[in-house]
Amino acid sequence: MRGRLLFPFVAEIAQLDRAESRFDPDFKEPLPDGRVEQTITIPCQVEVGEFETLEEAFSGDLPKTALTLVFHFRDLERQGLVEPTTGDAKLRVGDRLAALRDRAGNIVQAIQTPPGLFAIEVRPLTFGFGLARNLLLAVFHDREQGVRS
């Protein structure tokens, strides 16, 4: 028994294609015009940490957003998003959350880029009953567009 997601939505995730993207040689980050992405959709449970919370800076308002998405390994396995030799999920830090959709495919929340929401943590959350993992947690944060005061 592996359980299920509560009140599932569908996450539209733009995964960074590391082979096709161009990177800054010093910072090892994708260049703004060099990012190549592949879009996937996966059922998820959404937990809102903060959403466009006001934070003032010298350069103006820096709204903060943090969303945590919980995925079921059963869904990841069905879509080939689990590495067969290691068992690692193919969701990675740096992947971008593009939108949240309802189960019919309608947009519930599009994520504007910039600033965008990027995965800063991806890890197995729980192991289910028996010998199978069941949940994967992914934390998405925005990227600052200015300098903090």
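A quick note: this is a predicted structure, and the numbers were derived from the prediction, not measured.

Enquirer: Which residues make up the overall build of the chain, and what are the values?
Expert: A count of helical and extended segments in the chain gives 1 helix and 9 strands. The helix and strand sequence of the chain, counted from the amino end, reads β-β-β-β-β-α-β-β-β-β. Evaluated residue by residue, the chain yields a buried proportion of 38% over its 149 residues. In the structure as shown, the chain presents an accessible area of about 9,000 Å², 54% of it carried by carbon and sulfur atoms.

Enquirer: Which residues make up the packing of aromatic side chains, and what values do they have?
Expert: Each aromatic ring pair is summarised here by two numbers: the centre-to-centre distance and the angle between the ring planes. Across all of its chains, the model carries 0 aromatic pairs by this definition. A cation over an aromatic ring shows up here: Arg133 above the ring of Phe73, its NZ or CZ 3.9 Å from the ring centre.

Enquirer: Just give me the short version of the nonpolar core, but keep the residues and values in it.
Expert: Ile13, Phe71, Leu76 and Leu97 are the most contacted members of the largest nonpolar core, which totals 22 residues. Taken together, the elements giving at least two residues each to this core come down to strand 1 (9-16), strand 2 (37-53), strand 5 (64-72), helix 1 (73-78), strand 6 (96-101), strand 8 (117-127) and strand 9 (133-142). In this structure Ile13 touches Gln38, Thr39, Ile40, Ile42, Phe71, Leu91, Asp95, Arg96, Leu97 and Phe140, once residues within four positions along its chain are discounted.

Enquirer: Lay out the side chain of Gln15 with the relevant residues and their values.
Expert: By secondary structure assignment, the location of Gln15 is in strand 1. Among the residues examined, Gln15 registers a relative accessible area of 13% and is labelled buried. Here Gln15 is in contact with Val36, Glu37, Gln38, Ile40, Lys90, Leu91, Arg92 and Asp95, once residues within four sequence places are set aside.

Enquirer: Any details on the pairing of strand 7 (residues 107-110)? Residues and values, ideally.
Expert: Relative to strand 7, strand 6 runs antiparallel, the two being bridged by 3 bridges. Directly across from Arg101, in strand 7, lies its bridge partner Ile107. Joining the antiparallel neighbours strand 6 and strand 7 is a turn of 5 residues, in which Gly105 adopts a positive phi near 95 degrees.

Enquirer: Kindly report on the environment of Lys28, identifying the contributing residues and their values.
Expert: Looking at where Lys28 falls in the secondary structure, it is placed in the loop between strand 1 and strand 2. In this structure the side chain of Lys28 is engaged in a polar contact, spanning 2.4 Å, whose partner is the backbone oxygen of Pro25.

Enquirer: I'd like to hear about unusual backbone geometry, residue by residue, with values.
Expert: Despite not being glycine, Phe7 shows a phi value in the positive range, around 45 degrees. In this structure, Phe7 sits in the segment before strand 1. When its relative accessible area of 72% is taken as the criterion, Phe7 is described as exposed.

Calculation criteria
- Residues numbered from 1 in each chain as written.
- Predicted model: local features only at pLDDT ≥ 70, side-chain atom pairs only at ≥ 80, totals over all residues.
- Heavy atoms only, no water.
- Helix = DSSP H or I, 4+ residues; strand = E, 2+ residues; numbered from the N terminus.
- Buried < 20%, exposed > 50% of the residue type's maximum accessible area, 1.4 Å probe, protein only.
- Areas by Shrake-Rupley, 256 points an atom, 1.4 Å probe, with all protein chains shown as cover.
- Phe/Tyr/Trp six-rings, centres within 6.5 Å; stacked < 30°, edge-to-face > 60°.
- Lys NZ or Arg CZ within 6 Å of the ring centre and 35° of its normal.
- Core = buried A, V, L, I, M, F, W, Y, C linked by side-chain atoms within 4.5 Å.
- Contact = heavy atoms within 4.5 Å.
- Pairing = 2+ DSSP bridges.
- Polar contact = N/O pair within 3.5 Å; in protein donor to acceptor, adjacent residues only side chain to side chain.

Purely geometric numbers; function is a separate question.
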